[in-house]
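# Breakdown of the fold
Chain by chain, the residues:
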Amino acid sequence: MSDNTLPSVSPVLAQPDDAREDDHFHDECGVFGVYEHPDAGALTALGLHALQHRGQEAAGIVSFDGRQFYNERHIGLVGDNFTKQSVIGRLKGSRAIGHTRYSTTGAPVLRNVQPLYAELAGGGFAVAHNGNLTNAQTLQRALQERGSIFQSTSDTETIIHLVAMSAKSAFVDRLIDALSQLEGAYAVVALSEKKLIGARDPLGVRPLVLGDLGGTYVLASETCALDIIGAHYVRDVEPGEVVVITENGLQSMKPFHTTSNHSRFCIFEYVYFARPDSSVNGTNVYSVRKRIGEELARESGVDADIVVPVPDSGTPAAIGYAQEAGLPFELGIIRNHYVGRTFIQPTDSIRHMGVKLKHNANRAMLDGKRVVLVDDSIVRGTTSLKIVQMVREAGAKEVHMRIASPPTRDSCFYGVDTPEKSKLLASRMSIEEMADYIKVDSLAFLSIDGLYRAVGEAGRNGDAPQYCDACFTSDYPTSLTDRSGGAEVRQLNRLVEVS
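Here goes a summary of the coordinates provided. In this text, all values refer to a predicted model and were calculated from it rather than measured experimentally.

## Details of helix α14 (residues 382-393)
Note on helix geometry: an α-helix contains 3.6 residues per turn, so any two residues three or four positions apart are oriented the same way. With twelve residues, α14 should reach 16 Å at 1.5 Å per residue; the first-to-last C-alpha distance of 17 Å fits that figure. Residues of α14 that are buried: T383, S384, I387, V388, M390 and V391. One face of α14 carries all of its buried residues, which in axial projection span an arc of 160°. Phi turns positive one or two residues past the end of α14, at G395, with a value near 105°.

As structure tokens, then:
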């Protein structure tokens, strides 16, 4: 075993983050990996920049130079921590993996920032994970009873312990053995002393793509991360596939046997998570979002003067709606792109002004108009209420809200930060009651079949759904062991980091 000590970094205090205050879901994270490139650390930092929309709480990179692993993990945005040459210079080597995080499991503190690293019997091992494991607590409890000591509250650490405890001899077999015990959703990139590995869960709930940069293999959550470094898209890593990249090239394995012969990719990637310039399963996301708007106009058209998006998430759907309805598309709400986090909210009156830090009404476009307001979803309804009030105060004569997805009635357990079901507006109100709550003249959501048509299907196959749409339909594609089994919260969850 080589000398693969991993230089440590100083803790960075977690800071307040108002990202949870807005009325959108948040994906847990994005992952990136590169094998055999002299600028592996810098390329990984660029890839994480492109994936910043998938997680804004923390970011980390682990690199390997053939002898040692090097680790940089920080709370905060990629651009705040990985732009200095001094930082990139510390990430030595030609192989690296990276991760940008929005937590769904584990608090936003440094010990949970990925990639996670461990010294195993066979050498150093780093892993980064997008998704959520629905049996992590059950597995962790069993591992603890066998003597495992967990240092984080991230479900990703479960993978490391399972690899360490596996009775298999070859490293790849140990990882496959670990992954075979997982339930839920995962797209994993892992780095050992000889290999870069990518893997997706058997249903392919979370995305992972393979790229090529002049003979160098790249793994990423989305194609936009390939674009930023000039790599070209090769293909999606398939559901249940494990790709192993070594100096001898790429090896593909499909070790997981399932009763299902089709994937259950997260349909909300098309609605909101993925960047509009990415391609998902070979389909451009922006084009899908425009088709969503077209379907919405056909299903729930209304007499109006203009179509206005809630920027930026509602913009492509609003364009599609306007084109299908034959109405002018106007930027009736302007987004401030330079807000960042809002730290000063000392009183209710100041706190309620927070929405205007991010969005402001364009009165000249709204005054006296009948407005169709298009957004991607309604979660709690808090932001929608404020946006509608702002549009009315700017002089809108009518406000008709159209939502580019079905009502969100259930929580996600596959790597998306969602409120409890009781806090989802659509879980406790009818559409008419929701319209009264957010004070609009009318409210309509895209139908589930309309959403499926927009992604290229004839409709939803109720017997064998083509996508994971559990947040809309309550049809969860995997077991929810921790939720049904009542797994106990681990002792480490009671540790509060103060420095």
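## Regarding the packing of aromatic side chains
Under the criterion given, the structure shown has twelve aromatic pairs. Consider the rings of Y272 and F273, whose centres lie 5.9 Å apart with planes at 70°: the pair is edge-to-face. Using a relative accessible area of 5% as the deciding quantity, one classes F273 as buried. Feature note: the residues F265, Y270, Y452 and Y467 constitute an aromatic cluster, connected by ring pairs.

## Structural notes on the nonpolar core
I267, Y270, I292 and V307 are the most contacted members of the largest nonpolar core, which has 41 residues in total. At the level of elements, β15 (265-266), α8 (268-273), α9 (285-300), α10 (315-325), β21 (370-375), α17 (448-454), β25 (467-468) and α18 (470-473) are the ones that each hand at least two residues to this core. If we skip the residues at most four places from it in the chain, I267 touches L451, Y452, V455, Y467, C468, D469 and F472. Grouped together as the second largest cluster of nonpolar side chains are 29 residues, V127, L143, I160 and V242 included.

## Looking at the pairing of strand β22 (residues 398-403)
For β22, the buried fraction is high: five of the six residues fall into the buried class. Crossover handedness for the path β21 to α14 to β22: right-handed. Here four bridges tie β22 to strand β24 (residues 442-445), and the two strands are oriented parallel to one another. Counterpart to R402 in the pairing with β24 is A444.

## Focus on the state of the cysteines
Applying the stated rule across the entire model yields zero disulfides. The thiol sulfur of C471 is not disulfide-bonded, and the nearest other cysteine sulfur, from C412, lies at 6.6 Å.

Cut-off values and rules
Within each chain, residue numbers correspond to sequence positions counted from 1 in written order. Reporting in this predicted model follows two pLDDT cut-offs: at least 70 for local features of residues, and 80 or more for side-chain atom pairs to be given and counted; totals over whole chains, interfaces and linings ignore these cut-offs and use all residues. No hydrogens and no water enter the side-chain calculation; it runs on all heavy atoms of the structure. Strands are runs of DSSP state E lasting at least 2 residues, helices are runs of H or I lasting at least 4, and numbering of each runs from the N terminus. To estimate how far a helix should reach, multiply one less than its number of residues by 1.5 Å. Three labels apply to residues, based on accessible area from a 1.4 Å probe with only protein chains included: buried if under 20% of the type maximum, exposed if over 50%, partly exposed otherwise in between. The reported arc concerns the directions from the helix axis to the C-beta atoms and nothing else. Between the rings of Phe, Tyr and Trp (Trp by its six-membered ring), a pair exists once the centres lie within 6.5 Å; its type follows the angle of the planes, with under 30 degrees stacked, over 60 edge-to-face, and the other angles tilted. The nonpolar core is taken to be a set of buried Ala, Val, Leu, Ile, Met, Phe, Trp, Tyr and Cys residues, with the residues joined through side-chain atoms within 4.5 Å. A contact between two residues is defined here by any heavy atoms of the two lying within 4.5 Å. Handedness of a crossover is defined as follows: with both strands directed away from the viewer, a clockwise route from the first strand across the helix to the second makes it right-handed. Strand pairing is assigned whenever DSSP identifies at least 2 bridges connecting the two strands. Here, the term disulfide refers to a pair of cysteine sulfur atoms separated by no more than 2.5 Å.

Just geometry here; none of it tells us what the structure is for.
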